[in-house]
Amino acid sequence: MYPVMLDINKKNILIVGGGRVATRKVQGLMNEGANVTVIAPEVTDVIKQSDVTIVQQPFKHQDISAFNIVFIATNDKAVNDAVMERIEKHQLVNDCTNQQRSNFFNMASLIYGEMRIMISTEGSNPIKSKNFKNKLKEILNKEQIK
Ligand SMILES: C[C@@]1(CC(=O)O)c2cc3[nH]c(cc4nc(cc5[nH]c(cc(n2)[C@H]1CCC(=O)O)[C@@](C)(CC(=O)O)[C@@H]5CCC(=O)O)C(CC(=O)O)=C4CCC(=O)O)c(CCC(=O)O)c3CC(=O)O
Ligand SMILES: NC(=O)C1=CN([C@@H]2O[C@H](COP(=O)(O)OP(=O)(O)OC[C@H]3O[C@@H](n4cnc5c(N)ncnc54)[C@H](O)[C@@H]3O)[C@@H](O)[C@H]2O)C=CC1
């Protein structure tokens, strides 16, 4: 795994699924200038109120080649498989239900002054990343490292 920061301004991003995980992804993508599309028969209120294009229907083998980044986040394995089948080699894909077939992961991240600190377990233990981030926040707030 190769760590980078991505400029997603004007990038086309697809999220298939509209539940809890999709909501977290939408929240993480907001205010970065990306064109975000959500395809799902049901989406949460937070997604409805977000600046995203909602295609309120089940995923149906659409052409998704125009998307730079695809998040697969439904609770139906057959649907997740169908989306994965359509992924082309040049696309970045995160299957929230299957690390093995994701070619990138999100990281826990915190801003400290001019620094952004990113924490990853390379997909193996997201809860550990989140807890580590929260501990680090406490330490940094106490220590005031410049
Ligand atoms: C592989 C990865 C794929 C990916 O990139 O999505 C992934 C996978 C999984 N997450 C699971 C659970 C939860 N993840 C969170 C939250 C976050 N998860 C994130 C990243 C990643 N999660 C990637 C690897 C990161 C790494 O390498 O460390 C963060 C950092 C960033 C983000 O998601 O944007 C964000 C932290 C936000 C913060 O910093 O605060 C919460 C919510 C919470 O705790 O509040 C829950 C529990 C509640 C819930 O169910 O939602 C489970 C089920 C585990 C189980 O049931 O045991 C799996 C699947 C599995 O492990 O198999
Ligand atoms: N990567 C991560 O951070 C995590 C991943 N997961 C896994 O992610 C999956 C989704 O979890 P949640 O968001 O909590 O589920 P959820 O039940 O909140 O949402 C599922 C969403 O999938 C949509 N969906 C169902 N069929 C669809 C179709 N044919 N086309 C498009 N969308 C469809 C539903 O409308 C709903 O919006 C689960 O399999 C879960 O095990 C769970 C927790 C964390």
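So, how was this worked out
- Residues numbered from 1 in each chain as written.
- Chains lettered and ligands numbered in written order.
- Predicted model: local features only at pLDDT ≥ 70, side-chain atom pairs only at ≥ 80, totals over all residues.
- Heavy atoms only, no water.
- Near = heavy atom within 4 Å.
- Polar contact = N/O pair within 3.5 Å; in protein donor to acceptor, adjacent residues only side chain to side chain.
- Areas by Shrake-Rupley, 256 points an atom, 1.4 Å probe, with all protein chains shown as cover.
- 1 Å grid on protein atoms, 1.4 Å probe; cavity = no way out; pocket = protein on both sides within 12 Å on 5 of 7 lines; lining within 4 Å.
- Sits in = over half its atoms within 2 Å of the grid points.
- Helix = DSSP H or I, 4+ residues; strand = E, 2+ residues; numbered from the N terminus.
- Nonpolar A, V, L, I, M, F, W, Y, C, P; charged D, E, K, R; others polar.
- Domains from an automatic or database assignment.

Peer 1: Would you mind going over the site of ligand 1 with me for this structure?
Peer 2: Of all residues adjacent to ligand 1, which total 19 residues, the nearest are Lys25, Thr121, Gly123, Ser129 and Lys130. Within the contact set of ligand 1, an oxygen atom lies 2.6 Å away from a side-chain nitrogen or oxygen of Lys25. Within the backbone of Gly123, one N or O atom sits 2.6 Å away from an oxygen atom of ligand 1. Taken by itself ligand 1 offers 1,100 Å² of open surface, and the protein chains cover 67% of this. When atom positions are compared with the pocket grids, ligand 1 is found to occupy the largest pocket. Among the secondary structure elements, those contributing two or more residues to the shell around ligand 1 are helix H1 (20–29) and helix H4 (126–143). Counting residues per element, the shell around ligand 1 draws most heavily on H4, at 5 residues. Classifying every residue of the shell around ligand 1 by side-chain character gives 5 nonpolar, 8 polar and 6 charged. Looking at which domains feed residues into the shell around ligand 1, each of domain 1 (12–101) and domain 2 (108–143) gives three or more.

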